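# Observations on the model geometry
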Amino acid sequence: MRLHVKFLYVFLSSIAVILFNNGAQASHEVHTELKSSTAVTVRRVHRTGYHFQPLKNWINDPNGPMYYNGYYHLFYQYNPKGAIWGNIVWAHSVSKDLIKWERLEHAIYPSKPFDKYGCWSGSATILPGNKPIILYTGIIDKKNTQVQNYAVPANLSDPYLRKWVKPDNNPLIVADISINKTAFRDPTTAWKGTDGNWRISIGGRRKNRGIAYLYRSKDFKHWVKAKHALHTKSGTGNWECPDFFPVSVSDNNGLDTSAKGSHVKHVLKVSLDVTRYEYYTLGTYSTEVDKYIPDKNMVDGWNGLRYDYGNFYASKSFFDPKTNRRILWGWANESDSTIDDIKKGWAGIQLIPRTIVLDPSGKQLLLWPVKEVETLRGKGVELRNKKLVKGQKIEIKGITVEQADVEVIFSFDSLDKAEPFDPKWDRYDAQKICSVKGSTVQGGLGPFGLLTLASKELEEYTPVFFRVFKHQNKHLVLLCSDASRSSLENATGTYRPSFAGFVDVDLTSKKLSLRSLIDHSVVESFGERGKTCITSRVYPSKAIYRNAHLYAFNNGSESIKIETLKAWSMRKPQQMNQ
């Protein structure tokens, strides 16, 4: 992946077109003079308790996750010299359980002509004979020319895979004249075709058209570009960090990346450089023509489905043969200012890994925190059959609410009070609707949900809530995670959006479920068992440590019942990258 620094969050297509037409690579600040600024001390305030992060400095994309000889491996883009993007290496950590992580020496770093100016994102593939191999993007000059390289373990008998070798026959793949060589990056995990040959996809763009290039190889060393792309779509801009994999249509087991047949549906995910969000489609991989064909009602790009409707980017999945799961890693950048990051001495976290399965409807994916995170649950509290009338809130006490796991099922007696969906609203712009219809704006059926990381007098809080609308002959369910009131601090450069997404759910049961993982400066929320997920990064000034509070609330005229609410204090892992 390319220069990751502080998001400017460019959303307008007109701006995007200008950027592309001018040949700009991305709308990010590049602080060359600050990239090696190391904090004297690391500030503990807002550091997470149970999420993956190094002891200090900047991280971004998760790279090459895999399971090998009893250990989970996670590589990640890391600046060993400072808390902003720069000096990037592939850092490396290993775990037995996805929770406790041991930091190892850096696996890949700029050292040869084919990656002298950068070692950017990529993927891992396990070759026959249980032999891991990494494909990654190397930067070869100051013009940002990108090539694709490989690295192999120095010692396959070492389950930690501490040392990696970059052979001198790199690069494996160089852009031909038809490719924009400055937007040609992030090779996927490889899969085998019916002919026995390997395939990979590489992200890129041609003018304003996003492209997932397709390459084939018989031996994993000599690669030939296919005449056509795996998939492409006009008007979507540069495609980063593509991920292409199968999901089962018959059960919840994960599948090896090379699985194919009538029992699978395929997923193509891309990270859009312009919007800074990720989008995916479901479809069919035609082995006859080597092309991916999205299902009829799928939307490529800005109005499409997302893994997460909040601060979530550059994700990478892998098949876990130990448990037959497909597991997803995603990166959450900071939403404070660059200066704040330098002062606190760190920036970026990896979110709790999530399982990926196909929803029974076949129309979307379900994402859910890996079950291993539940081993961190400590003291718990439970509420049952608590009624919330309009304007009422109930405090959840007895746990460390600033570092918690909360699961709740809300129910209601009627849908009659659902407010009309304004026809002037953009059905695809849930975030804008949430910014207008916030948690304090009284409604009919909703808003109701949780007030997380709240100060005692509610000067600060991050609400996660539902609101139900009437739209034509059906109902629309909006899930919001609103950071706009998360802090009293008004530092320049902070970003506090009202993240939101619609939840495709049948309301016949008149119930909605919500789970939130709360961890000091991050709130990961999962609506209806992972149909809609939203991550927010927040930096309260009052609601920190023991001064944080947690409430369930209702600001709608329809009374809401808390059928069950279970909440747990979350312990820190015994080891986190020490």
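Just above sits the structure.
Predicted model, so just to flag it, every value in this text is computed and none were measured. Residue numbers here run from 1 along each chain, matching the order of that chain's written sequence. Under the rules for a predicted model, residues below a pLDDT of 70 receive no local features and side-chain atom pairs below 80 are neither given nor counted, while totals for whole chains, interfaces and linings still include all residues. Each side-chain value is derived from all of the structure's non-hydrogen atoms; neither hydrogens nor water enter the calculation.

### Observations concerning the sheet that holds strand β3 (residues 89-95)
- Across the sheet, 5 strands lie side by side as β4-β3-β2-β1-β22; this open sheet has mixed pairing. Each edge of the open sheet is held by one strand with a lone partner, namely β4 (102-103) and β22 (346-347).
- Relative to β3, strand β2 (residues 71-79) is paired through 7 bridges, and the arrangement is antiparallel. Note that in β3 the partner of Y78 across the bridge is V89. One requirement defines pairing of two strands: DSSP has to find at least two bridges between them. Labels follow the DSSP assignment, with helices taken as runs of H or I lasting at least four residues and strands as runs of E lasting at least two, numbered in each case from the N terminus.

### A word on the state of the cysteines
- By definition, disulfides here are pairs of cysteine sulfur atoms that lie within 2.5 Å. Evaluated as defined, the whole model comprises 1 disulfide.
- Note on cysteine connectivity: C434 is disulfide-linked to C480, with sulfurs 2.5 Å apart. In this pair, C434 sits in helix α3 (residues 430-436) while C480 sits in strand β32 (residues 474-482), placing the two residues 46 residues apart along the sequence.
- Residue burial is assigned from relative accessible area. The probe radius is 1.4 Å, only protein chains are included, and a residue is buried under 20% of its type maximum, exposed over 50%, and partly exposed in between. For C434, a relative accessible area of 0% puts it in the buried group.
- Judged by its relative accessible area of 0%, C480 is buried.
- The thiol of C241 is not disulfide-bonded; the next cysteine sulfur, from C119, is found 15 Å away.
- On the accessibility criterion, C241 (7% relative accessible area) is buried.
- No disulfide involves C533; its sulfur sits 15 Å from the nearest other cysteine sulfur, which is in C480.

### A closer look at the sheet that holds strand β19 (residues 291-294)
- An order of β16-β17-β18-β19 is seen for the 4 strands of this open sheet, with the pairing classed as antiparallel. Two strands close off the open sheet at either side, each with one partner strand: β16 (239-248) and β19. Averaged over all pairs of adjacent strands, the angle between strand axes in this sheet comes to 40°, irrespective of strand direction.
- Pairing between strand β18 (residues 277-286) and β19: 4 bridges, direction antiparallel. Across the sheet, residue G283 finds its bridge partner in β19, namely P294. All axes are obtained by fitting lines to C-alpha atoms, using only the stretch in contact for helices, and the reported angles, taken between N-to-C directions, cover 0 to 180 degrees.

### Regarding the environment of D251
- Examined against the element boundaries, D251 turns out to sit in the loop between β16 and β17 (264-272).
- Assessed through its relative accessible area of 36%, D251 is described here as partly exposed.
- Taking C-alpha positions, D251 is 37 Å from K387, a pair spaced 136 residues apart along the chain.
- We call two N or O atoms a polar contact when they sit within 3.5 Å, provided that within protein one can donate a hydrogen and the other can accept it, with sequence-adjacent residues counted only if both atoms are side-chain atoms. Side chain to side chain, D251 and S248 meet in a polar contact 3.1 Å long.
- Looking at D251, its side chain comes within polar contact range of the main-chain nitrogen of N253, at 3.0 Å.

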